[in-house]
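Single-letter residue listing:
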Amino acid sequence: MSRFFNVARGVAWRSIHNTLVNPAILVPSIVFPLFFLIAFAGGLSRISDVPNFHYPPGYTSFQFVFVFLQSAAFGGVFTGFAIARDFDSGFARRLMLSAPRRSGIIAGYAIGALLRWALTGTVVTIAALIAGMNVYGSASQLFGLLGLGIAMNMVAVLWACGVAMFLRTEQAGALIQMPVFVLLFLAPVYVPITLLEGWIHDVARLNPVTTVLEAGRGLLAGSPVKVALAFAGLLVAGAIMGTFARLGLASAEKAG
Amino acid sequence: MAVDAAAGAASLPRSRQTASLLEQTLAVGRRSVVRTSRQRALLIFPMVFPLILFAINGSALSAATKIPRFPTDNYRDFLIAVPFVQGAMFVSITAGVDLARDIETGFLNRLAMTPLRGEALLVGQLGGALVLGVIQAVVYLLVALATGVTIVSGVGGALVLLILSVLISFGFASLGGLLALRFGTGEAVQGIFPLLFVTLFLSSSSLPRNLIKADWFREVATYNPVSYLLESIRSLVITGWDAQALILGFGFATVLLVVSLAFSQSAMRSRLARR
């Protein structure tokens, strides 16, 4: 077990070190969620005037939850890009040769993604508070929101890890990113699901991200809804993606 | 091919210099078009991504039409301007990365050994991006019509929309070329892309400026030229013939093109300095 942790710690340290010392990697992962927050909470705040829009903490808080969870998911996606780059550069092959417990590699990248998102999530939260976000939830409810973010980050990084390890090329970037992006935006991003019309309403109703988003918004507003369902969904997704990542690792091992 | 054209141009008499400039431009342009058309991933992603966003946001934000004084009751009519401008921004990256690759591989240095003129190289290099801009504009227009977008200004308006869209694409392509010439690497050009995207976010892309609630955001959108590019295209779709919107749109697109080309020419002269 200690060999597993040693590998995980080494990979995580490298992952976070590379992120922190390389502005080209660090800046986009912080700047993008910030601009989403500015564009959505600032530019679209009039949307809260739409009849039957009801979210007591206000539109900035409504959008913050989406951007917070999106940044969590993209923390995982960006880590997937780094894994693909490691395969392209040949580093991953050397890593697999030297790692006594290779499953520790996945854990290491996952810890790296979490630490990376810890930074982004903190920046986004501070920016939202400066922008006048209202928080009606209690401390325990806010921990619940944080938990949703962590779980979202884990699911995304395991997905990204699996794709990167199966394809082992930087060109996997689009495949890592696009499904996550589309899934996030097919949730009720701008208005509650009750105000969506047409095909987007039907799709959003079936989209599991909708439950997570509604649970997060409920927790921030101090009136929790679907929290258990959201955590259960993320747990199941985590288990599936964890298996997928493990299969990806096996595929990479097989490829040599 | 471009080198052959340049070499051929060297032997032309002085009286044929104008024609030879055109020949050089066409030769470089042909190479650029062929190269762009061979990179299918480059063609598909920049075209499809704005359409995905259009499909999603066109439905997800349709509630916005219920805001009092919203200019249309179909949000897609309002949103269709965005893919045109967003696609043009992608074109800037295609143009910039292609030119940067020529710099990185030393192709531009080899051209510097020929009598090829900088202007021909510059405009020709953007040929592929220009073709991409035309294809995108036609596809976006067809998608708009297929999804029920009504162009109030009619067939003439649709033609003006296409011309304006291509002009905007060429303007952004020139900007991409300028960035490539200044920085010399494709990575640097791609690194600038998020900044371009930000200008789209901080504009009237999602709501009309008069309906933006946050004062600071409305101010930023008002000073952001991208708002006027969007509003000129949008005016043809939902207003009809709005001279002021069109003058501003064509004006800003032309300024972008002329300024980028002027700075690019100067940067190209430095790059092609016979050493």
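This is a predicted model, so every value here is computed, not measured. (Residues numbered from 1 in each chain as written. Chains lettered and ligands numbered in written order. Predicted model: local features only at pLDDT ≥ 70, side-chain atom pairs only at ≥ 80, totals over all residues.)

Peer 1: Explain the overall build of chain A to me, please; I cannot follow it from the model alone.
Peer 2: Of regular secondary structure, chain A possesses ten helices and zero strands. Listing the helices and strands of chain A from first to last along the sequence gives α-α-α-α-α-α-α-α-α-α. Its C-alpha radius of gyration of 19 Å places chain A within 12% of the 18 Å reference for a compact globule of 256 residues. Relative to its full complement of 256 residues, chain A shows a buried share of 48%. Taking all contacts inside chain A whose residues are at least 6 apart in sequence as the whole, residues at least 24 apart take part in 82%. (Helix = DSSP H or I, 4+ residues; strand = E, 2+ residues; numbered from the N terminus. Rg over C-alpha atoms; globule rule 2.2 N^0.38 Å. Buried ≥ 20, exposed ≤ 12 C-beta atoms within 10 Å, placed from the backbone. Contact = placed C-beta atoms within 7 Å.)

Peer 1: Hey, could you run me through the overall build of chain B in this one?
Peer 2: Of the regular secondary structure elements, chain B holds 13 helices and zero strands. The linear arrangement of helices and strands in chain B, starting from the amino end, is α-α-α-α-α-α-α-α-α-α-α-α-α. Rg of the C-alpha trace for chain B: 20 Å, near the compact-globule value of 19 Å for 275 residues, within the 12% margin. In terms of overall dimensions, chain B has C-alpha extents of about 65 × 35 × 35 Å along its principal axes. Every one of the 275 residues in chain B was classed for burial, and the buried ones make up 50%. Taking the contacts inside chain B whose residues are at least 6 apart along the sequence as the reference set, 79% of them involve residues at least 24 apart.

Peer 1: I tried to follow the packing of helix 2 (residues 23–42) of chain A against helix 3 (residues 59–89) of chain A on my own but got confused; where do I start?
Peer 2: Describing two packed helices takes the angle between their axes plus the distance from one axis to the other. Residue and element names in this part refer to chain A. Contact geometry of helix 2 with helix 3 gives a least axis separation of 9 Å together with a crossing angle of 155°. By the angle class used here, helix 2 and helix 3 are roughly antiparallel. Considering how the two elements wind past one another, helix 2 and helix 3 form a crossing that is right-handed. Taking contact as the criterion, the partners of Ser29, Phe32, Pro33, Phe36, Leu37, Phe40 and Ala41 in helix 2 are, on helix 3, Tyr59, Thr60, Gln63, Phe64, Val67, Gln70, Ser71, Phe74, Gly75 and Phe78. Residue composition of the contact of helix 2 with helix 3, grouped by class: eleven nonpolar, six polar and no charged. (Axes fitted to C-alpha atoms, helices over the stretch in contact; angles between N-to-C directions. Parallel < 35°, antiparallel > 145°, perpendicular 65-115°, else oblique. Left-handed = near helix turned anticlockwise from the far one by under 90°. Nonpolar A, V, L, I, M, F, W, Y, C, P; charged D, E, K, R; others polar.)

Peer 1: What exactly am I supposed to notice about the environment of Val220 of chain B here?
Peer 2: Residue and element names in this part refer to chain B. With respect to the secondary-structure elements, Val220 resides in helix 11 (residues 215–223). Using a count of 19 C-beta atoms within 10 Å as the deciding quantity, one classes Val220 as partly exposed. It is 9.9 Å that separates the C-alpha atoms of Val220 and Arg209, two residues lying eleven residues apart in sequence.

Peer 1: So what exactly am I meant to see when it comes to the nonpolar core here?
Peer 2: Looking at soluble globular proteins, one finds that nonpolar side chains tend to be buried together. Ranked by internal contacts, the top residues of the largest apolar core, which has 163 residues, are Leu69, Met152, Val155, Ala160, Cys161 and Ala164 of chain A together with Val85 of chain B. Element by element, the count of residues in this core is highest for helix 3 of chain A, at 17 residues. Residues within four places of Ala164 of chain A in sequence aside, it is in contact with Gly80, Ile83, Ala84, Phe87, Ala172 and Ile176 of chain A. (Core = buried A, V, L, I, M, F, W, Y, C linked by C-beta atoms within 7 Å.)

Peer 1: How should I be thinking about the interface of chain B and chain A in this particular structure?
Peer 2: Often, the extent of an interface is quoted as the loss of accessible area on bringing the components together. Between chain B and chain A, the contact holds 23 residues from the first and 28 residues from the second. For the side of chain B that touches chain A, the secondary structure elements donating two or more residues are helix 3 (40–60) and helix 10 (186–201) of chain B. Here the side of chain B that touches chain A is composed, by residue class, of 17 nonpolar, four polar and two charged.

Peer 1: Just to check I follow, could you spell out helix 7 (residues 118–125) of chain B for this structure?
Peer 2: Given 3.6 residues per turn, any residue in an α-helix points the same way as the ones three and four places further on. Buried residues dominate helix 7 of chain B, accounting for six of its eight residues. Along helix 7 of chain B, the residues that are buried comprise Ala120, Leu121, Leu122, Val123, Gly124 and Gln125 of chain B.

Peer 1: Teacher, can you tell me more about helix 10 (residues 227–255) of chain A here?
Peer 2: Residue and element names in this part refer to chain A. Spanning 29 residues, helix 10 covers 41 Å between terminal C-alpha atoms, matching the ideal 42 Å at 1.5 Å per step. For helix 10, every residue scored as buried is listed here: Val227, Ala230, Leu234, Ala237, Met241, Ala245, Gly248 and Ala252. Those residues of helix 10 hidden inside the fold are in contact with helix 4 (91–98), helix 5 (103–130), helix 6 (139–167) and helix 9 (208–221). (Expected span 1.5 Å × (residues − 1).)

Peer 1: Explain the packing of helix 9 of chain A against helix 10 of chain A to me, please; I cannot follow it from the model alone.
Peer 2: All names here are of chain A. For the pair helix 9 and helix 10, the least separation of the axes is 8 Å and the interaxial angle reads 135°. If you check the angle between helix 9 and helix 10, you find them oblique. Read as a crossing pair, helix 9 and helix 10 show a hand that is left-handed. Each of Pro208, Thr211, Val212, Ala215 and Leu219 in helix 9 lies in contact with helix 10, whose residues at this interface are Val227, Leu229, Ala230, Gly233, Leu234 and Ala237. Class assignment for the residues of the contact of helix 9 with helix 10 results in nine nonpolar, two polar and no charged.

Peer 1: In this structure, what is going on with the environment of Ala230 of chain A? I would like to understand it.
Peer 2: All names here are of chain A. On the secondary structure map, Ala230 appears in helix 10. By C-beta crowding, Ala230 is classed as buried, having 27 other C-beta atoms within 10 Å. It is 5.6 Å that separates the C-alpha atoms of Ala230 and Thr211, two residues lying 19 residues apart in sequence.

Peer 1: For this particular structure, what's the right way to read the environment of Arg85 of chain A?
Peer 2: Mapped onto the fold, Arg85 of chain A is located in helix 3. It is 5.3 Å that separates the C-alpha atoms of Arg85 of chain A and Glu170 of chain A, two residues lying 85 residues apart in sequence.

Peer 1: Would you mind going over the confidence of the model for chain B with me for this structure?
Peer 2: It should be kept in mind that the predicted coordinates are not to be read in detail where pLDDT is low. All names here are of chain B. Chain-level pLDDT for chain B is 85 on average; 90% of the residues reach the 70-or-more range. Mean pLDDT per element in chain B: helix 1 (residues 2–10) is the minimum at 48, and helix 12 (residues 225–239) is the maximum at 96. Overall, residues 5–15 carries pLDDT values under 50, and its contacts beyond four positions in sequence, including any with other chains, amount to 15 contacts. Here the complex is predicted with pTM 0.82, and the ipTM for its interfaces comes to 0.77. (pLDDT = per-residue confidence, 0-100.)

Peer 1: What's the story with unusual backbone geometry in this structure? I'm lost.
Peer 2: As a rule of thumb, non-glycine residues mostly have phi less than zero, and peptide bonds are mostly trans rather than cis. One non-glycine residue, Asn52 of chain A, lies in positive phi territory at about 75°. Checked against the element boundaries, Asn52 of chain A lands in the loop between helix 2 and helix 3. C-beta crowding within 10 Å serves as the criterion here: with 10 such atoms nearby, Asn52 of chain A is assigned to the exposed category. In this structure, Arg69 of chain B is a non-glycine residue whose phi angle is positive, near 75°. Counting through the fold element by element, Arg69 of chain B comes out in the loop between helix 3 and helix 4 (75–79). Given 7 C-beta atoms within a 10 Å radius, Arg69 of chain B is considered exposed.

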